[in-house]
Each structure stands twice: as C-alpha cells, then as structure tokens.
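Residues per chain are reported as follows:
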Amino acid sequence: MLDVQRLACVRGDRALFRHLEFCLPAGHLLRVTGRNGSGKTSLLRILCGLSQPDAGTVLWHGQVIAEQRDVFHGRLLYLGHSPALNDLLTPVENLRFACQASGDDFTHGDCIDSLKHIGLDRELELPCKVLSQGQRRRVALARVFLAAHRPLWLLDEPFTALDKHAIGELASTLDAHCARNGSVVITTHQEVAFAARQESLSMEAFAA
Amino acid sequence: MTVFFAVLRRDMLLAWRSRSDLLVALSFFVIVASLFPFGIGADPAQLKAIGPGVVWVASLLASLLALPRLFSQDFESGVLEQLQLSSDPPVVWVTAKIAAHWLCTSLPLVIVAPLLGLMYGLDASATQVLTASLLVGTPIVSLIGAIGAALTLGLRGAGSLLALLVFPLFVPVLVFGAGAADAYESGMAIKAYFLLLGGGLLAALALAPWACAAALRISLE
C-alpha cells in the first residue's frame, strides 16, 4: 500500500537520511526507531506530504502521493508532535473541529464518546489550557477512534506523556486497526507490545 | 464546504472568547483617529478636509494590529498542519480564515467609523460615503494582509516585517478609499472611486487566497 523508494532528506546543510526504502502492506504496523534528531519526524512529515523529500518518492497504491493529494489526504490520519489543540476551546470543540478540518463530520455525541473512551470524563467542558500534558495528548489521540475509515495512520510519538492504562488502550486500538487491514506507522522510544504484524525501521541504518 | 464553515465558526468563536483583543484594536482605532485634532489644531474646515484620510489610515493601522495573529497561533499549535492535510484544497480554509478575520476585526471598525466622521464634522452623507468606502476597502486590506501574514509566519520580528511588506500594497486602497469621501466633499462624482475599489476587491478575492495558500505551504515545510 505505502511504498517508499530511495528517500533522502536534507535539513539545512546536514543530510538526515538517504536511500531510505520500505514497503508497508495493509494490516502491518511499522515502528520507526532512532535516536533524537535522526529524522523520524521529518520522515513522517514526508510520508504525509507536509514536506517534500530531497530525493525519492512516496507511493500510495502505486501512485505518487503529490499527484493524488485530495484522495490520499482522505485516507490518512496524521498526528504530529504537537497535539494541535487550541487553549480556549474545550476538548470536545477541539476534537470536533479536528475531524471537520480533515473533512469528516462527526456529531458532538461521537466526539464525547471517543473522549470518554480514552479516559477523559470530567474535563469535557473545561478549556484545554487547564489540562495536563498527558490529558492534552489524549484529546489529540481521541481522533484514532473516529478514524477507522482512514486506512493509513501516521503517529508521531503517540505514547509520550501517557500513563500505563492509556498506552495499553492505544496499543490495542492500533492492533484493531491493523486487524481490519489498516496500516500504521509510529515513531517511538518506548517498548510497547503489539499483537499486529510488526516491522521495524531503524533510522541509523539509513543515516547519511 | 464542511471545512469552510467549520473554520469560520471556530475562528469566530475564538474571537469571541478572546474579545478583549478585539476591543484593543477597536480602541486603538478610535484613539489614533482622535489624536490628530490635538496635533494639528481644531480648525473645523481643516478637520473636515483631513477627516476621511485620518479615519482610513487609522483603520489600516488597527487592522495591522491583529494581522500577525491570523495564522501564528494555529501555526504554533499544529492546527495549520492538520488543515494542510485536509482533503479539501487549502484555498477553502484560507478564505474562511480571512473572512472570519474581517468579520471580527474590520467590520467593527466600519461600524464605529461614522462616530469618528461625526467628530471630524463630516455631514451625514459624507459620513455615509466614508463608511461605504471602508466597507468595500477593508476586505481588500484583510486579503492582502493575509498574504503578508502567511509569508512572515514563524519569522523573528514578524510583526514589523509584516508592516513593511503590506503597507506599500495598501496605498492604492487608501488613495481610492479616502479619495471617495474627499471627492464627495468637493462635489465630484464618486462612482469611479467605488468601481475601482470594487474591482480591487474582486481581484483580491480571486487572487489573494491562492497566494496565501502558496505562502503557507512554504512556511509549513
């Protein structure tokens, strides 16, 4: 499904990686590892089309992603480093807007359900600025419960700042996504056990 | 269109929740326009002559106050990235953001402008012409200003750079906007001024969102 060919990325005058190649079939989870600054986030941004690679191509179902932007973005869930929340909006408002911004229209009730699912219950009517780091993270991650129809998930450090229970909950959601033939790419430093078919990509192997 | 209305609704809700910021811009507009009589003396004929120009310049300064915030907050929080990944073209939500910006920051200025016209001794119909010129002209200011805000996104000293970048572009709007009320005062036809402003608005509407979307794509890379 996702096919990456001879990718290279240069930031400033430093080459982060080159000749990076992998193929991610449906139903698989790819785990990208590497030390800080090795280009994990840059790789994810290239995969979702936010940045352009300095060489190489990213193919989705055999076609370059830039040539099918609208279709590809409709199939994609990308959760970046920052949780993409506005401090003045409540978690429900933020989540509902995030869905609408990506082109899905979910009801207020759907958003409340998925926030409850990830363990936010009493904070639903508070502005996001009073939430803790982990709670903000959860608000952003609640989108995975509303993205079952998007086959490709790209998650940048999804387990950061989460407690044990939330990590388990998220891992089983990722497993479930792979089980219904979705694909997942995550970057992580943590050891998390997955049931899904897992592949690993170490950025060090492609360091320039 | 889901994205357009979602962005419009959200930005207006945010403007309402941080309405003190809007009040600052509005008070700034009124204060700047009220300073001039103190500086140049209270000769009624002179005040009447400079009134439209002063109100127009003050409105430009006041809209510039809020412009840097148009994209910067969403840029820092990562919301712009998510919007960029929307399956709708970026032009859609860029237009929505500019529309919300105009409705929340420039429209209040247009509504307050007749009061300032009164202060400068403009008669009722001249005040109407001034207000109408602001109504047609300020959207151009928001549209052009948005390009500047997108180009300076994430830069150091973005606010002052933005002013340097967009003020020269505001000159034609200022000339025809303030010129309309001046022409009316001196008994000339004002139709041409409004046709030019209207043409400028249509051109800005057709081009600025695209330029803005392109500038944002570069800033987000």
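It should be noted that the structure appears before, not after, this text.
How each quantity is defined
Residues numbered from 1 in each chain as written. Chains lettered and ligands numbered in written order. Predicted model: local features only at pLDDT ≥ 70, side-chain atom pairs only at ≥ 80, totals over all residues. Heavy atoms only, no water. Helix = DSSP H or I, 4+ residues; strand = E, 2+ residues; numbered from the N terminus. Rg over C-alpha atoms; globule rule 2.2 N^0.38 Å. Buried < 20%, exposed > 50% of the residue type's maximum accessible area, 1.4 Å probe, protein only. Contact = heavy atoms within 4.5 Å. Pairing = 2+ DSSP bridges. Axes fitted to C-alpha atoms, helices over the stretch in contact; angles between N-to-C directions. Buried area = accessible area lost by both parts, 1.4 Å probe. Salt bridge = Lys/Arg side-chain N within 4 Å of Asp/Glu carboxyl O. Polar contact = N/O pair within 3.5 Å; in protein donor to acceptor, adjacent residues only side chain to side chain. Nonpolar A, V, L, I, M, F, W, Y, C, P; charged D, E, K, R; others polar.

A. Looking closely at the overall build of chain B. Looking only at helices and strands, chain B features nine helices and zero strands. Moving toward the C terminus, one meets the helices and strands of chain B in the order α-α-α-α-α-α-α-α-α. The globule rule puts the C-alpha radius of gyration for 221 residues at 17 Å, and the 18 Å found for chain B is close to it. Summarising its shape, the C-alpha atoms of chain B cover approximately 55 × 35 × 30 Å along the three principal directions. The buried share of chain B, reckoned over its 221 residues, is 49%. Counting contacts in chain B only where the partners sit at least 6 residues apart, residues at least 24 apart contribute 83% of the total.

B. Layout of the sheet that holds strand β1 (residues 2–11) of chain A. Residue and element names in this part refer to chain A. Read across the open sheet, the four strands follow the order β2-β1-β4-β5; overall the sheet is antiparallel. Taken across any chain shown, the strands that pair with only one partner, and hence form the sheet edges, are β2 (14–24) and β5 (63–64). The pairing of strand β4 (residues 55–60) with β5 spans two bridges and is classified as antiparallel. Considered in β5, the bridge of Leu59 is made with Val64. Its contacts with the sheet put helix α1 (residues 40–48) on β1, β2 and β4, and the angle it makes with β1 is roughly 125°.

C. Structural context of unusual backbone geometry. Residue and element names in this part refer to chain A. Backbone geometry places Ala161, a non-glycine residue, at a positive phi of 65°. For Ala161, the location among the structural elements is in the loop between β7 (152–156) and α6 (164–179). Look at Asn181: it is not a glycine, yet its phi comes out positive at around 70°. Note on placement: Asn181 falls in the loop between α6 and β8 (183–187).

D. Geometry of the interface of chain A and chain B. Of the residues lining the interface, 29 residues belong to chain A; the matching set on chain B comes to 27 residues. When chain A packs against chain B, close to 2400 Å² is buried across both sides, 56% of that on carbon and sulfur atoms. The largest per-residue losses of area from chain A upon contact with chain B belong to Leu50(A), Leu88(A) and Phe97(A), which jointly make up 24% of the total buried on that side. Taken together, chain A and chain B are joined by two salt bridges. Where Glu93(A) meets Arg17(B), a salt bridge forms, and the shortest distance between an N and an O atom there is 2.9 Å. Inspection of the chain A/chain B interface yields 13 residue pairs in polar contact (both at pLDDT 80 or more). Considering every element that reaches the side of chain A that touches chain B, the biggest residue donor is helix α3 (residues 91–102) of chain A, with five residues. Residue composition of the side of chain A that touches chain B, by class: twelve nonpolar, eleven polar and six charged.

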